[in-house]
Amino acid sequence: MKESVVPDAIELLKIRRSVKPREMSEPGPSPAELETILTIGARVPDHGKLTPWRFIVFEGDARVRAFTKPHPKVPPWEQELSAGASAMNMVTAATALGYGACWLTGWFAFDRDVLDGLGLKADEKLAGFIHIGTKTKPNEDRPRPALSDIVTRF
Ligand SMILES: Cc1cc2nc3c(=O)[nH]c(=O)nc-3n(C[C@H](O)[C@H](O)[C@H](O)COP(=O)(O)O)c2cc1C
């Protein structure tokens, strides 16, 4: 077996789990920490280097919204996957910095009036809201799928 280059990263990915927004409080990330989280959020695979996503930061809460761009070779699905990777990177980065983090959508992420209020154009989609804060209570893990149920070999 290869030696892990960043063993802590593997440990983090093995234990990371979401924290419910109601189980978080102040403080959120400092400006420098938020910059780190956003930098890591922008460091994701992105076919065609389209940067098909962008971030809006509100006081304490980071919200992500995605907009795909017509492209002859990169279908919207791939651009949306990239937006998902970006959101997940931010959840992971916030966790690594010691914060609680959770990626949520909810009905309001799909409501046209809400999207209009947030200034999303007709062709833009909201990938979700990344809630980041300080954990107020320990959270238990949840059951995970058995690999035997989700892995097949071709
Ligand atoms: C795109 C996306 C949207 C989500 N929206 C919601 C939501 O609206 N409400 C909710 O309770 N959970 C939602 N979740 C699930 C939370 O993120 C959930 O708590 C998470 O799956 C817990 O996984 P973890 O234990 O691996 O962190 C969403 C997850 C994803 C990927």
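Everything below is about the structure printed above this text.
The following refers to the structure shown. Here the structure is a predicted model, which is why all the values come from computation and not from measurement. Every chain is numbered independently, its residues counted from 1 as its sequence is written. Thresholds applied to this predicted model are a pLDDT of at least 70 for local features of residues and 80 or more for the giving and counting of side-chain atom pairs; totals over whole chains, interfaces and linings are not thresholded and use all residues. As a rule here, side-chain values come from all non-hydrogen atoms in the structure, and water together with hydrogens is ignored.

Secondary structure summary: the chain contains 5 helices and 5 strands in total. Only DSSP runs of H or I with at least four residues qualify as helices, and only runs of E with at least two residues qualify as strands; both kinds are numbered from the N terminus onward. N-terminal to C-terminal, the α/β element order of the chain is α-β-α-β-β-α-β-α-β-α. Principal axes of the C-alpha set define a box for the chain whose edges measure 45 × 45 × 30 Å. Residue burial is assigned from relative accessible area. The probe radius is 1.4 Å, only protein chains are included, and a residue is buried under 20% of its type maximum, exposed over 50%, and partly exposed in between. Put simply, the chain has 154 residues, and 32% of those count as buried. Expressed as a percentage of contacts within the chain between residues at least 6 apart in sequence, the contacts between residues at least 24 apart total 71%. The Shrake-Rupley method, run with a 1.4 Å probe sphere, supplies the accessible areas, and residue values consider only the shown protein chains as cover. Counting every atom, the chain has about 10,600 Å² of accessible surface; 59% of that belongs to carbon and sulfur. Charge assignment in this entry is limited to Lys and Arg as positive and Asp and Glu as negative, and neither His nor the chain termini are counted. Where a charge sits is defined by one atom per residue type, namely NZ (Lys), CZ (Arg), CG (Asp) or CD (Glu). One finds the centroid of the 21 positive side-chain charges in the chain at a distance of 4 Å from the centroid of its 20 negative side-chain charges. It only takes one pair of heavy atoms within 4.5 Å for two residues to be counted as in contact.

A word on the site of the ligand. Nearness of a residue to a molecule or strand requires only that one of the residue's heavy atoms be within 4 Å of it. Contacts to the ligand come from Arg-16, Arg-17, Ser-18, Trp-103, Leu-104, Thr-105, Gly-106, Arg-142 and Arg-144. The term polar contact refers here to a pair of N or O atoms within 3.5 Å; inside protein, the definition further demands a hydrogen-donor-capable atom paired with an acceptor-capable atom, and it admits residues adjacent in sequence only when both atoms are side-chain atoms. Ser-18 places a polar side-chain atom, nitrogen or oxygen, 2.4 Å from an oxygen atom of the ligand. Contact distances for the ligand include 2.7 Å between an oxygen atom and a backbone N or O atom of Trp-103. Of the residues that constitute the shell around the ligand, the class distribution is 2 nonpolar, 3 polar and 4 charged. Residues are grouped as follows: Ala, Val, Leu, Ile, Met, Phe, Trp, Tyr, Cys and Pro are nonpolar; Asp, Glu, Lys and Arg are charged; all remaining types, including Gly, are polar.

What follows covers the pairing of strand β5 (residues 124–135). Two strands are said to pair when DSSP picks up at least two bridges between them. In this structure, strand β1 (residues 24–25) lies alongside β5, joined through 2 bridges in antiparallel fashion. For Ser-25, the partnering residue across the bridge sits in β5 and is Thr-134. With 5 bridges connecting them, strand β4 (residues 100–104) and β5 associate as antiparallel partners. Opposite Cys-102, over in β5, you have His-131 as the bridge partner.

Think of a salt bridge as a Lys or Arg side-chain nitrogen and an Asp or Glu carboxyl oxygen that are within 4 Å of each other. All chains considered together, the criterion is met by 6 salt bridges. Among the ionic pairs, Lys-137 bridges to Glu-23, the shortest N-O distance being 3.6 Å. With Lys-137 in the loop between β5 and α5 (147–150) and Glu-23 in the loop between α1 (7–15) and β1, the pair connects residues that are 114 residues apart, well separated along the chain. Between Glu-80 and Lys-125 there is a salt bridge whose closest N-O contact spans 2.8 Å. Here the residue Glu-80 occupies a position in helix α3 (residues 76–96), and Lys-125 occupies one in strand β5, the gap between them amounting to 45 residues.

With that out of the way, let us pick up the side chain of Glu-124. With respect to the helices and strands, Glu-124 occurs in strand β5. According to the relative accessible area criterion, Glu-124 is buried, its value standing at 3%. A distance of 2.4 Å separates a polar atom in the side chain of Glu-124 from a polar atom in the side chain of Arg-54. Among the polar contacts made by the side chain of Glu-124, one reaches the main-chain amide nitrogen of Lys-121 at a distance of 2.5 Å.

All right, on to the layout of surface pockets then. With a 1 Å grid spanning the protein atoms alone, the term cavity applies to any set of points in which a 1.4 Å probe fits but cannot get out, the term pocket to an open set with protein on both sides within 12 Å along at least five of seven lines, and the term lining residue to any residue with an atom within 4 Å of a point. Grid points are joined across faces, edges and corners, and a volume is the space filled by probe spheres set on the points. There is about 170 Å³ of room inside the second largest pocket. The wall of the second largest pocket is formed by 13 residues, among which Ile-15, Arg-17, Thr-95, Lys-135 and Asn-139 lie closest to the centre. Per-class residue counts for the lining of the second largest pocket are 4 nonpolar, 4 polar and 5 charged.

Glancing now at the packing of helix α2 (residues 31–41) against α3. Axis lines are fitted through C-alpha atoms, for helices just across the contact stretch, and the angle between N-to-C directions can take any value from 0 to 180 degrees. Remark: α2 packs on α3, axes separated minimally by 7 Å, with the N-to-C direction vectors making an angle of 145 degrees. Between α2 and α3 lies a crossing whose hand is right-handed. Facing Ile-37, Leu-38, Ile-40 and Gly-41 of α2, the residues of α3 in contact are Ser-86, Asn-89, Met-90, Ala-93 and Ala-94. Considered class by class, the residues forming the contact of α2 with α3 number 6 nonpolar, 3 polar and no charged. The crossing is said to be left-handed when, going from far helix to near helix, the turn is anticlockwise and less than a right angle, and right-handed when the turn is clockwise.

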